[in-house]
Amino acid sequence: MKRRILSACLILTLVLVMVGTVTAAPKSKIIHVSRESKVFAIGAESKPIAKANPGDILVVETEDCFDNQVRTPEDVIESVDFDRVNPATGPIYIEGAEPGDTLVVDILSIDVAKQGVMVALPGLGVLADEVQNPTIKILPIKDNRVIWDENWSFTIKPMIGVIGVTPKGEPISCGTPDDHGGNMDTAEIGAGCRVNLPVNVEGAMLHLGDVHATQGDGEVCGTGVECRAVVTLRVDVKKNTGLERPVLEKDNRIMFMASHVDLFTATQIATKEAVNFLMQAKGLSFEEAYILASAIADIKISQLVDPLLTVRAELDLSGL
Ligand code: CA
Ligand code: CA
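### Here we look at the overall build of the protein
What the protein contains, in helices and strands, is 3 helices and 22 strands. Its C-alpha radius of gyration of 20 Å places the protein within 12% of the 20 Å reference for a compact globule of 320 residues. Expressed along its principal axes, the backbone C-alpha trace of the protein runs to roughly 65 × 45 × 40 Å. In the protein, which comprises 320 residues, the proportion classed as buried is 51%. Pairs at least 24 residues apart make up 77% of the contacts formed inside the protein by residues separated by at least 6 positions. For the protein, the exposed area adds up to about 14800 Å²; of that, 53% sits on carbon and sulfur atoms. Charged side chains of the protein number 29 positive and 44 negative; the gap between the two group centres comes to 9 Å.

As structure tokens, then:
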């Protein structure tokens, strides 16, 4: 029993070292950020539209993924300007964040608009070649449910599609996920999720958008229930972690994110992160940790429809 308690303490310590602790700043502020200030790509030249200190709470308005161009069933998809898809509100400069640090983002709540939109388009999603007729589905959202038609509705599970920081190197479209975060389209990124992002530039430059009222793993048709939203979150900075790619924490689980054009390669990257974690947490050799990962890590698909595909390796910390 003593050994298990020591082991649990070591794992907790490792998690805290990796992703930091959220410490309420003595004078934390609530900062409102309008959806009027948005970017379609993020890079070193992007100028901040707001500044926050560690511990501050941000109330961020987000635009929907079509930049509000599709609002009624009569709208035609051909008239949508696809240079304006996936806007992200930001970037927001976080004081004290420097390259090599972790930006810690705690998602406190997501309030979605009263309507969402989904589309099926030729060339979009995992059955891209089978779509004959471009179709728009306008979905009212009422009492925390998506109204499919007069006979049926389903529960919302709001999540953030795009959340990231300025990447290393060249600017990246907000439609692409990568090691900086971005368009990860991961259903787990909802209220109660802690998103840990690697800081690549001073101020980190947080940006977010593309909220879905709900979305299944995979996002098979290429859209979730796309909607405007107001996201409330808290930011913090953990110094000198050397984090390389996004890590999520939620409900006593830790999730190692990886995006790559090849699904198997993405799976390899996420698996290796989980194995590295187990090596440190349990004091195991690579081979032992690899075996343990095969027993207790779950590899899950976040999305299959963006320029890079996103998978996650999940570990239940309560079982370790
Ligand atoms: Ca998306
Ligand atoms: Ca979306």
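### Observations regarding the sheet that holds strand 9 (residues 135-142)
Strand order in the open sheet formed by 4 strands is 8-9-10-11, with antiparallel pairing between adjacent strands. Looking at strand neighbours, the two that pair on one side only are strand 8 (115-120) and strand 11 (152-155), the edges of this open sheet. The mean angle between the axes of side-by-side strands here comes to 30°, regardless of whether they run parallel or antiparallel. Across 2 bridges, the pairing between strand 9 and strand 10 (residues 145-149) is antiparallel. Within the sheet, the bridge partner assigned to Lys-142 lies in strand 10 and is Arg-145.

### What about the packing of aromatic side chains?
Scanning the entire structure with this criterion turns up 4 aromatic pairs. Summarising the aromatic geometry, the rings of Trp-148 and Phe-154 are spaced 6.5 Å apart at their centres and angled 40° between planes, so their arrangement reads as tilted. Look at Phe-154 and you get partly exposed, because its relative accessible area is 22%. With a centroid separation of 5.3 Å and an interplanar angle of 45°, the aromatic rings of Trp-152 and Phe-154 are classed as tilted. Members of the aromatic cluster, joined through ring pairs, are Trp-148, Trp-152 and Phe-154.

Here is what the cut-offs are and how they apply
- Residues numbered from 1 in each chain as written.
- Chains lettered and ligands numbered in written order.
- Predicted model: local features only at pLDDT ≥ 70, side-chain atom pairs only at ≥ 80, totals over all residues.
- Heavy atoms only, no water.
- Helix = DSSP H or I, 4+ residues; strand = E, 2+ residues; numbered from the N terminus.
- Rg over C-alpha atoms; globule rule 2.2 N^0.38 Å.
- Buried < 20%, exposed > 50% of the residue type's maximum accessible area, 1.4 Å probe, protein only.
- Contact = heavy atoms within 4.5 Å.
- Areas by Shrake-Rupley, 256 points an atom, 1.4 Å probe, with all protein chains shown as cover.
- Lys, Arg positive; Asp, Glu negative; His and termini not counted.
- Charge placed at Lys NZ, Arg CZ, Asp CG, Glu CD.
- Pairing = 2+ DSSP bridges.
- Axes fitted to C-alpha atoms, helices over the stretch in contact; angles between N-to-C directions.
- Phe/Tyr/Trp six-rings, centres within 6.5 Å; stacked < 30°, edge-to-face > 60°.

None of this, on its own, says anything about what the molecule does.
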